[in-house]
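Residue-level listing of the chains:
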Amino acid sequence: ADTGGSTRPGHTIPHAVRMVGAKNSLRDSCVENMILTRLPDGKGEIVAVHFDAASGSVLQNNTLIESVDGDDTAIPADDHRERRFGVWVNGGPQRDTFLTATGNRFFGWKVPFAFTPGTDGRVRDNTFVGAAANPIRGRPAADLSHNEQKQQGRAEDTCRGAAP
């Protein structure tokens, strides 16, 4: 996805997919070539899939690939974790988001899942390649042992049907 962000004030973070509302579903899809673009002040952030106020939503059998821009290697590693999210889960006004995420493959995302306060989910049978030691932020972090973490793996051709 080449989203390029937005010129709308307060909505400048590039998202490949943004889903708002209950019972949304993203299945059997691929998001690739997400590249962080820095603003003149050095800040930047990307999100592959954003669920907002999405109670009862499902993320299943997707492949999410983050690409690294050569200019970005000068940014400290701590900034990388805070600025790149495979899936961002926001509670919305009712703080009632519950996301079920199964069978997804994440390549290059330091933080594959970020659940904001008041959100929850079931995160099982996903594969995280190159993720931080704790790839799930927020309440579902207890599900970590039900997922597979790898330090290295191939992302080539995964969006065209090859196994990871």
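None of these values were measured; they are calculated from a predicted model. (Residues numbered from 1 in each chain as written. Predicted model: local features only at pLDDT ≥ 70, side-chain atom pairs only at ≥ 80, totals over all residues. Heavy atoms only, no water.)

Visitor: Please set out the environment of Glu 66 residue by residue, giving values where relevant.
Guide: Mapped onto the elements of the fold, Glu 66 is located in strand 6 (residues 63–67). Among the residues examined, Glu 66 registers a relative accessible area of 7% and is labelled buried. In this structure the C-alpha to C-alpha distance between Glu 66 and Gly 108, which are 42 residues apart in sequence, comes to 5.2 Å. Ignoring any residue separated from it by four or fewer positions in sequence, one finds Glu 66 in contact with Met 34, Ile 46, Arg 84, Phe 107, Gly 108, Trp 109 and Lys 110. (Helix = DSSP H or I, 4+ residues; strand = E, 2+ residues; numbered from the N terminus. Buried < 20%, exposed > 50% of the residue type's maximum accessible area, 1.4 Å probe, protein only. Contact = heavy atoms within 4.5 Å.)

Visitor: I'd like to hear about the sheet that holds strand 13 (residues 136–137), residue by residue, with values.
Guide: Across the sheet, five strands lie side by side as 1-4-7-10-13; this open sheet has parallel pairing. Of all strands in the sheet, those bounded by a partner on one side alone are strand 1 (15–20) and strand 13. Relative to strand 4 (residues 46–52), strand 1 is paired through five bridges, and the arrangement is parallel. Across the sheet, the residue bridging to Val 17 is Val 49, located in strand 4. (Pairing = 2+ DSSP bridges.)

Visitor: Explain the pairing of strand 10 (residues 111–115) to me, and be specific about the residues and the numbers.
Guide: Of all the five residues making up strand 10, five are buried; the element is thus mostly covered by neighbouring parts of the structure. Looking at chain direction, strand 7 (residues 84–90) and strand 10 are connected through four bridges and run parallel. In the strand pairing of strand 10, Val 87 is matched with Phe 113.

Visitor: Let's hear about unusual backbone geometry: which residues, and what values?
Guide: The general pattern is negative phi for most residues beyond glycine and trans for most peptide bonds. We note that Lys 23 has phi near 60°; this positive angle belongs to a residue other than glycine. Among the structural elements, Lys 23 can be located in the loop between strand 1 and strand 2 (25–27). Backbone geometry at Ala 53 places phi at a positive 50°, although glycine is not the residue there. Relative to the helices and strands, Ala 53 is located in the loop between strand 4 and strand 5 (57–60).

Visitor: Can you tell me about the packing of aromatic side chains, naming the residues and giving the values?
Guide: All told, the structure shown has five aromatic pairs when counted by the stated rule. Measuring from ring centre to ring centre gives 6.1 Å for Phe 113 and Phe 115, while their planes differ by 25°; the resulting arrangement is stacked. Of the residues examined, Phe 115 reaches a relative accessible area of 6% and is grouped as buried. A centroid spacing of 6.1 Å and a plane angle of 75° characterise the contact between Phe 113 and Phe 128, whose relative ring orientation is edge-to-face. With a gap of 15 residues between them, Phe 113 in strand 10 and Phe 128 in strand 12 (residues 127–129) connect regions that are remote in the sequence. As far as burial versus exposure is concerned, Phe 113 and Phe 128 are alike and both buried. One aromatic cluster is present, built from ring pairs that chain together Phe 106, Phe 113, Phe 115 and Phe 128. (Phe/Tyr/Trp six-rings, centres within 6.5 Å; stacked < 30°, edge-to-face > 60°.)

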